[in-house]
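Remarks on the overall topology
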Amino acid sequence: MGSGVERVRIDLHCHSSASDGDHTPAHVARRLAEIGVSWAALTDHNTVAGQDEFRRALSRYGIHYIPGVEIDTRSPFGPLHILGYNIDLRHPALLVALEKVRRPWRTSLHRLLARLGVLSHNGDHPPTVCQPEGGKDRKALSTARAICLIHEAGGTAFLAHPLESLRTFKRVEEALDLLQAEGLDGLEVFHRSYPEGVQFALLAMAVRRGLVPTGGSDFHGLHHSDGATLGVDIPQGEWNKIVKHLAKGQSGVPYVGVDTTS
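All residue numbers refer to position in the chain's written sequence, counted from 1. At least 70 in pLDDT is required for a residue's local features to be given in this predicted model, at least 80 for side-chain atom pairs to be given and counted, and no such filter applies to totals for whole chains, interfaces and linings, which use all residues. For side-chain calculations, the full set of non-hydrogen atoms in the structure is used, while hydrogens and water are omitted.

Some thoughts on the packing of aromatic side chains
Only centres within 6.5 Å qualify two rings of Phe, Tyr or Trp (six-membered ring in Trp) as a pair; their planes then separate them into stacked at under 30 degrees, edge-to-face at over 60, and tilted for everything else. Under the criterion given, the structure shown has 3 aromatic pairs. Aromatic side chains Tyr-85 and Phe-158 sit 5.3 Å apart centroid to centroid with 70° between the ring planes, which places their arrangement in the edge-to-face category. Within this pair, whereas Tyr-85 is found in strand S5 (residues 80-85), its partner Phe-158 is found in strand S7 (residues 156-159), the two being separated by 73 residues in sequence. Buried, partly exposed and exposed residues are distinguished by accessible area as a fraction of the type maximum, computed with a 1.4 Å probe on protein chains only: under 20%, between the cut-offs, and over 50%, respectively. Taking relative accessible area as the criterion, Tyr-85 reaches 0% and is therefore assigned buried. Numbered from the N terminus, helices here are DSSP runs of H or I no shorter than four residues, and strands are runs of E no shorter than two.

Here it is as C-alpha cells:
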C-alpha cells in the first residue's frame, strides 16, 4: 500500500452526542465534509438515535451514507465491539436489544436526561429468531447474539478495532475463529490509529480468512483519547470491493440512496 496508490477518504466508524461523542450528528457530518470524506457511517454505541439527523446532513454535503451502529458485546476473550452496517434502523428486535445494553454516557447532561427518562423508549418486545440470552439482564450482548441481530436486521457484522480489544495478532486470530463460526462478515482493518504496516497485516489476515475489510477513525471528539480526528484513506482498489459488499447487506438489495457504482 505504497504512497503512489490512489486512495479514497471514508469514515465508517465515528460517534456523536447520541452516544458518547462530543458533537451532534450534524456537526460530525459537517466536519466530514470539510476534510473531503466521500462515504460515512455513524456508529454510535448501542443506539441508532442519531442516524436520521446524520443522513440528512450528509445528503446536504453530497456524502454517501451507510447506516451503522457499534454494539458492546461480551466474549470468552473479554469485551468486544461489533460494528453493524446497512441495518434496518427500525428493526424491532434490534432496537429492543440496543436499549437493554446501553451504557451510561460520559457527559453529565446525557446522564441527567437518562435519569429523567427523556431518552428512554417504550414499546412491546417483538419475537426474534435469534436465541435469547440466558440469565438476568446484562450490560452487553454475546457476540453471537449481536451478530445474529445485525443479520436479522439485514446488515453485515464487523469486528471493530481488533488490536485495541485483543492486543496481539495471535489473539485476534483466535477470536476470529470463534466469531466467524458465529457469522462475522468482516474486520476493521483501516483504523486511523494503526500504522500502515499494521493495516497491511490485518488486510492480509482478512483476505486469507475471506473477511471483508473496512475502516474508520473511531472519532469521539477532542475530549476523548479514543478518536480525535476524522477520516481514513483507503486504497481505491480495496474500497471498490468493500463498498459493493457494504451497500448490499444480507438482503442483497442496495441500501436506498447509496450509489454502488462509485
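Resuming the write-up.
Description of the pairing of strand S8 (residues 186-191)
Counting buried positions over the 6 residues of S8 gives 6, a clear majority of the element. For two strands to count as paired, DSSP must find a minimum of two bridges between them. Where S7 meets S8, 2 bridges bridge the pair, whose relative direction is parallel. Counterpart to Phe-158 in the pairing with S8 is Gly-186. Across 5 bridges, S8 lies against strand S9 (residues 212-216) in parallel orientation. Counterpart to His-191 in the pairing with S9 is Gly-216.

Describing the sheet that holds strand S2 (residues 39-42)
On the basis of which strands lie adjacent, the open sheet formed by 4 strands has the order S3-S2-S1-S10 and mixed pairing. Each edge of the open sheet carries a strand with a single partner, namely strand S3 (64-65) and strand S10 (232-235). Sheet topology note: the strand S1 (residues 7-14)/S10 ladder contains 4 bridges and is antiparallel. Bridging from a neighbouring strand, Val-8 pairs with Ile-234 of S10.

So, the pattern of salt bridges
Close approach of charged atoms lets side chains of opposite charge pair. We define a salt bridge as a side-chain nitrogen of Lys or Arg found within 4 Å of a carboxyl oxygen belonging to Asp or Glu. Considering all chains together, one arrives at 9 salt bridges under this definition. For Arg-55, the salt bridge goes to Asp-52, with nearest N and O atoms at 3.8 Å. With a gap of 3 residues between them, Arg-55 and Asp-52 both fall in helix H2 (residues 51-61), about one helical turn apart. Here Asp-52 falls in the partly exposed class, since its relative accessible area comes to 30%. Where Glu-173 meets Arg-209, a salt bridge forms, and the shortest distance between an N and an O atom there is 2.8 Å. With Glu-173 in helix H7 (residues 169-181) and Arg-209 in helix H8 (residues 196-209), this residue pair connects regions lying 36 residues apart in the sequence. Taking the relative accessible area as the measure of exposure, Arg-209 reaches 19% and is therefore buried. A single network of salt bridges, built from pairs that share partners, joins Glu-173, Asp-177, Arg-208 and Arg-209.

Remarks on helix H5 (residues 143-152)
Along H5, the residues classified as buried are Thr-143, Arg-145, Ala-146, Ile-147, Leu-149 and Ile-150. Here the buried face of H5 lies against strand S4 (68-74), S5, helix H3 (92-101), strand S6 (141-142), S7 and H7. Phi turns positive one or two residues past the end of H5, at Gly-154, with a value near 85°. When checking whether two residues touch, look at their non-hydrogen atoms; a contact exists if any pair is within 4.5 Å.

Let's talk about the environment of Ala-204
Following the sequence through the fold, Ala-204 ends up in helix H8. Judged by its relative accessible area of 40%, Ala-204 falls in the partly exposed class. For the pair Ala-204 and Val-189, spaced 15 residues apart in the sequence, the C-alpha separation amounts to 9.4 Å.

Details of the pairing of S5
For S5, the buried fraction is high: 6 of the 6 residues fall into the buried class. A two-sided burial pattern is seen for S5, the buried positions comprising Leu-80, Ile-82 and Gly-84 on one face and His-81, Leu-83 and Tyr-85 on the other. Relative to S5, S4 runs antiparallel, the two sharing 6 bridges. Its bridge partner lying in S5, Val-69 is registered against Gly-84.

Some words on unusual backbone geometry
With phi around 75°, Arg-167 is a residue other than glycine that occupies positive phi space. Residue placement: Arg-167 occurs in the loop between helix H6 (162-166) and H7.

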